[in-house]
Amino acid sequence: MKRATFDAIQTARAGKTPIALVVDLSDGTEALVTAETVDGSLPDEIVAETRTRLRDSKSGVVERDGGRWFVDCHNPSLRVIVVGAVHITQTLVPMAAVAGYEVVVIDPRASFATRERFPNVQLVDDWPDEAMEALAPDRRTAVITLTHDPKLDDPALHVALRSEAFYIACLGSRRTHASRLERLRAEGFDDETLARIHGPAGLAIGAVSPAEIALSVLAEMTAVLHEVPPPLKSANTNAASAA
Amino acid sequence: MTENTAFASVDDILGTAGTWLDEGRKVAVATVIKTWGSSPRPVGSRLVVDADGAMVGSVSGGCIEGAVIREAFEVMETGAPRMLEFGVSNEEAWDVGLACGGNVQVWVERLEA
């Protein structure tokens, strides 16, 4: 890999610009493709295929007319927005970070969202709807509400449900979740939209402690990301969710 | 913005490659470009190696890294990229085969200073 190619990839990654490296496997020639630019010599159809793959984050070998190229997609990290700087969040933040997520925590309550409780994460103390609008969740973003408080969770859900967020989950018992759905339905969200919410959040692994609940939510988020049916979902529930 | 660096450093494999290069070390990058069957690491996974055999990242569950590193040493010297292929049918299956029964193609290249 040429140093200039390497530097361009690192610059794009730092600026959170999706970029694909395309390597001609016959001779190692490199080209760089973004949504707007092409740096290097590539057939038009390979550029088009690369952009499709970049959008879907699908690296792989492309073959055309006897040529072979490796398309290597570099997208910004997946992101998880957590509403509520609660005890579970303190364990979820480092777990999600290790799993490769960029993490943002929203909580307007000053006693919760402190730097001491959250030393290594972006904290936003705006009201959740305002904060969520600014963060603009996209298809590579997950949204998890953990406050149990409709005043804080619902405004965040309003924005999340209008976004392409790939995973939306809410902590709370089945009863809490049922009343949440009632409120949102009354506010105009249809059943298809509300079905996007995973509630109670997490897989049923008998999670009790904050770390175990965080683990169950991260596991469910992973299953949804990879489009496999979340296992352990309907048979029973986490101990904490039953409360 | 975020300050997840304390957690993210392990996985910034390309970043590590750049750091090593800036320190004057010879660096090769191995990338999984194609898989068949139950290969342990997906397309795009990387292993970065220096001339002393220091490594970060992975291209398998540890099954073929040894063989990839040996090839990487030569690629570091010659600068000519190589395509490697591993699978259970490989003649060297005894020591570098994939126990999972998958096949994997790995592109090895030198990171140019």
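All figures in this text were calculated on a predicted structure; none of them were measured in a lab.

Caption draft 1: Main features of the domain arrangement of chain A. Structurally, chain A comprises domain 1 (3–74) and domain 2 (79–242). Computed over C-alpha atoms only, the centres of domain 1 of chain A and domain 2 of chain A are separated by 34 Å.

Caption draft 2: Region of interest: the packing of helix 4 (residues 128–135) of chain A against helix 5 (residues 150–161) of chain A. All names here are of chain A. The geometry of helix 4 relative to helix 5 is characterised by a closest axis approach of 7 Å and an angle of 30° between their N-to-C directions. By the criterion of interaxial angle, the relationship of helix 4 to helix 5 is roughly parallel. Pair helix 4 / helix 5 crosses with right-handed handedness. Touching P128, D129, M132 and E133 of helix 4 are L152, P155, A156, V159 and A160, all from helix 5.

Caption draft 3: Highlighting the pairing of strand 5 (residues 103–110) of chain B. Residues and elements named next belong to chain B. Strand 5 sits mainly inside the fold: six of its eight residues count as buried. Of the strand pairs in this sheet, strand 1 (residues 27–36) and strand 5 are connected by eight bridges, and their pairing is antiparallel. Paired with T35 across the two strands is V104, which belongs to strand 5. Where strand 4 (residues 82–87) meets strand 5, six bridges bridge the pair, whose relative direction is antiparallel. From the neighbouring strand, R82 faces strand 5, where its bridge partner is V108.

Caption draft 4: Broad picture of the sheet that holds strand 11 (residues 197–198) of chain A. All names here are of chain A. Spatially, 8-7-6-9-10-11 is the arrangement adopted by the six strands of the open sheet, whose pairing is parallel. A strand with exactly one partner marks an edge of an open sheet, and here the two such strands are strand 8 (122–124) and strand 11. Relative to strand 9 (residues 141–145), strand 6 (residues 79–83) runs parallel, the two being bridged by five bridges. The residue of strand 9 that forms the bridge with V83 is T145. Here helix 3 (residues 87–98) sits on the sheet in contact with strand 6, strand 7 (102–106) and strand 9, set at roughly 160° to strand 7. Lying on the sheet, helix 4 is in contact with strand 6, strand 7, strand 8 and strand 9; it crosses strand 7 at an angle near 155°.

Caption draft 5: Focus on the sheet that holds strand 4 of chain B. Residue and element names in this part refer to chain B. Overall, antiparallel pairing links the five strands, which are arranged 3-2-1-5-4 in an open sheet. In this open sheet, the two edge strands, each paired with only one partner strand, are strand 3 (55–57) and strand 4. Shown here is a sheet whose adjacent strand axes are inclined to one another by a mean of 20°, direction ignored. Here helix 2 (residues 13–22) sits on the sheet in contact with strand 1, strand 2 (46–50) and strand 3, set at roughly 15° to strand 2. The strands touched by helix 3 (residues 65–78) within the sheet are strand 1, strand 2, strand 3, strand 4 and strand 5, with strand 2 carrying the most contacts at an inclination of about 55°.

Caption draft 6: The pattern of salt bridges, seen in detail. All names here are of chain A. Following the criterion strictly, the structure yields 24 salt bridges over all chains and no others. Notably, a salt bridge pairs R53 with E49, separated by 2.9 Å at the nearest N-O pair. Of this pair, R53 and E49 both sit in helix 2 (residues 44–56), four residues apart, which is roughly one turn of that helix. When the shortest N-O distance is used, the salt bridge between R109 and D107 registers 2.9 Å. Within this structure, E45, E49, R53 and R64 form a network of salt bridges that share partners.

Caption draft 7: Region of interest: the nonpolar core. A:V80, A:Y101, A:V103, A:Y167 and A:M221 are the most contacted members of the largest nonpolar core, which totals 30 residues. Top contributing element to this core by residue count: helix 8 (residues 210–225) of chain A, with six residues.

Caption draft 8: Representation of the interface of chain B and chain A in the model. On the side of chain A, 32 residues touch chain B, which itself brings 29 residues to the contact. Summing the contributions of chain B and of chain A, the shared interface buries around 2400 Å²; its carbon and sulfur component is 58%. Connecting chain B to chain A are four salt bridges. For the salt bridge of B:D12 with A:R13, the shortest nitrogen-to-oxygen distance reads 3.2 Å. At the boundary of chain B and chain A, one finds seven residue pairs in polar contact (both at pLDDT 80 or more).

Caption draft 9: Here's a closer look at the confidence of the model for chain B. Residues and elements named next belong to chain B. Across chain B, the average pLDDT comes to 83, with 78% of residues at 70 or higher. Highest mean pLDDT in chain B belongs to strand 2 (96); lowest belongs to helix 1 (residues 5–8) (39). Predicted confidence for residues 1–10 stays below pLDDT 50, and this span has 22 contacts to residues more than four positions away or in other chains. Across the interfaces of the predicted complex, the ipTM metric reaches 0.78, alongside a pTM of 0.79.

Caption draft 10: Spatial organisation of the environment of A:T176. Residues and elements named next belong to chain A. By the element assignment, T176 lies in helix 6 (residues 174–186). Along the sequence, T176 and P200 sit 24 residues apart, while their C-alpha atoms lie 8.6 Å from each other. A polar contact of 2.9 Å, which involves the side chain of T176, links it to the side chain of S173.

Calculation notes
Along each chain, numbering runs from 1 in the same order as the chain's sequence is written. Here chains are named by letter from A upward and ligands by number from 1 upward, in the order in which they appear as written. The model is predicted, so local features are restricted to residues of pLDDT at least 70 and side-chain atom pairs to those at 80 or more, both for listing and for counting; the totals for chains, interfaces and linings are taken over all residues. The side-chain values count all of the structure's non-hydrogen atoms but skip hydrogen atoms and water molecules. Delimitation of the domains relies on an automatic or database domain assignment. Axes, fitted as lines to C-alpha atoms, cover a helix only where it is in contact. Angles between the N-to-C directions of the axes lie from 0 to 180 degrees. Put simply, DSSP H or I for four residues or longer makes a helix, DSSP E for two residues or longer makes a strand, and each gets a number counted from the N terminus. Just so you know how the angles are binned, under 35 degrees is roughly parallel, over 145 roughly antiparallel, 65 to 115 roughly perpendicular, and the rest oblique. Should the near helix be turned anticlockwise from the far one by less than a right angle, the crossing is termed left-handed; should it be turned clockwise, right-handed. Only heavy atoms matter for contacts: two residues are in contact if any of them lie within 4.5 Å across the pair. The buried label goes to any residue with under 20% of its type's maximum accessible area, the exposed label to any with over 50%, and the partly exposed label to all in between, with areas taken from a 1.4 Å probe on protein chains only. By this definition, two strands are paired if DSSP reports at least two bridges between them. A pairing counts as a salt bridge when a side-chain nitrogen of Lys or Arg comes within 4 Å of a carboxyl oxygen of Asp or Glu. Among buried residues, those of type Ala, Val, Leu, Ile, Met, Phe, Trp, Tyr and Cys that are joined through side-chain atoms within 4.5 Å constitute a nonpolar core. Buried area counts how much accessible surface, traced with a 1.4 Å probe, disappears from two parts once they are put together, with both parts' losses summed. Contacts described as polar in this section are N or O atom pairs within 3.5 Å, which, within protein, must combine one atom able to donate a hydrogen with one able to accept it, while residues neighboring in sequence count only if both atoms come from side chains. Each residue gets a pLDDT score, which is the predictor's confidence in that residue and runs from 0 to 100.

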